[in-house]
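# Summary of structural features
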Amino acid sequence: MSDVMFSLPGLLLVRACEPERIFYSLEAASHLTGVHADMLTHYCRMGLLGEARVQPDAELTFDDDALYTIRRIEHFRRHHGVNLSALPLVCAMAEALGRQAAELRFLRNR
């Protein structure tokens, strides 16, 4: 939802609020990604989906970012043959590459 902050003829300033984050249960995330719930739990325990999900007693909920990460992990496994022991390294390298690409875009646009 947005609020009109200031208005002049031909000029309208609007403050946009961030959209509310949606969280999905383990079952819903499994259905949306096509990955078995046991495998999602294993990914969580490996630390591939963030530190908050590593603890055995942690409630496993997933947001859109986590679903994207799950799909990326499955892409690495299915299309590139990455095994479970190599996944943490490959995921860390992909995240580092993404951060570097974002920094390069920022520096180019200054």
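## Observations concerning the pattern of salt bridges
Opposite charge on two side chains lets them pair, provided their charged atoms get close. What the rule picks out here adds up to four salt bridges. With a shortest N-O distance of 3.9 Å, Glu 95 and Arg 72 are connected by a salt bridge. Placement of the pair is Glu 95 in helix α4 (residues 87–108) and Arg 72 in helix α3 (residues 64–80), with a sequence separation of 23 residues. Taking the relative accessible area as the measure of exposure, Glu 95 reaches 36% and is therefore partly exposed. Judged by its relative accessible area of 18%, Arg 72 is buried. Between Arg 78 and Glu 74 there is a salt bridge whose closest N-O contact spans 3.1 Å.

## Here's the deal with the packing of α3 against α4
Running from N to C, α3 and α4 cross one another at 120°; their axes reach a closest spacing of 11 Å. The angle between α3 and α4 places the two elements in the oblique class. Crossing handedness for the pair α3 and α4: right-handed. Across the interface between the two elements, Arg 72, Ile 73, Phe 76 and Arg 77 of α3 pack against Leu 87, Val 90, Cys 91, Ala 94 and Glu 95 of α4. Its residues placed into classes, the contact of α3 with α4 shows six nonpolar, no polar and three charged.

## Re the confidence of the model for the protein chain
In the predicted model, the protein chain carries a mean pLDDT of 87, and 87% of its residues have values of at least 70. For the protein chain, per-element mean pLDDT is lowest for strand β1 (residues 2–8), which scores 55, and highest for helix α1 (residues 26–33), which scores 96.

## Some points on α1
Among the residues of α1, those classed as buried are Leu 26, Ala 29, Ser 30 and Thr 33. Along the axis of α1, the buried positions cluster into a sector of 100°, meaning they face one direction only. With respect to the buried face of α1, the exposed residues turned more than 90 degrees away are Glu 27 and His 31. Elements that come into contact with the buried residues of α1 comprise α2 (37–46) and α3. One or two residues past the end of α1 sits Gly 34, with phi positive at roughly 75°.

## Section: the nonpolar core
Residues Leu 40, Tyr 43, Leu 49, Phe 62, Ile 70, Ile 73 and Leu 87 are the most contacted members of the largest nonpolar core, which totals 20 residues. Counting residues per element, the ones that place at least two in this core are α1, α2, α3 and α4. With five residues, the top contributor of residues to this core is α3. What Leu 49 contacts, discounting residues up to four positions off in sequence, is Leu 40, Tyr 43, Cys 44, Phe 62, Ala 66, Thr 69, Ile 70 and Ile 73.

## Topic: the side chain of Thr 33
In this fold, Thr 33 is placed in helix α1. The exposure class of Thr 33 is buried, given its relative accessible area of 13%. Separated by 3.4 Å, the side chain of Thr 33 and the backbone nitrogen of Val 35 make a polar contact. Leaving out residues up to four positions away in the same chain, Thr 33 has contacts with Leu 40, Leu 67, Ile 70 and Arg 71.

Rules of the game
- Residues numbered from 1 in each chain as written.
- Predicted model: local features only at pLDDT ≥ 70, side-chain atom pairs only at ≥ 80, totals over all residues.
- Heavy atoms only, no water.
- Salt bridge = Lys/Arg side-chain N within 4 Å of Asp/Glu carboxyl O.
- Helix = DSSP H or I, 4+ residues; strand = E, 2+ residues; numbered from the N terminus.
- Buried < 20%, exposed > 50% of the residue type's maximum accessible area, 1.4 Å probe, protein only.
- Axes fitted to C-alpha atoms, helices over the stretch in contact; angles between N-to-C directions.
- Parallel < 35°, antiparallel > 145°, perpendicular 65-115°, else oblique.
- Left-handed = near helix turned anticlockwise from the far one by under 90°.
- Contact = heavy atoms within 4.5 Å.
- Nonpolar A, V, L, I, M, F, W, Y, C, P; charged D, E, K, R; others polar.
- pLDDT = per-residue confidence, 0-100.
- Arc of directions from axis to C-beta.
- Core = buried A, V, L, I, M, F, W, Y, C linked by side-chain atoms within 4.5 Å.
- Polar contact = N/O pair within 3.5 Å; in protein donor to acceptor, adjacent residues only side chain to side chain.

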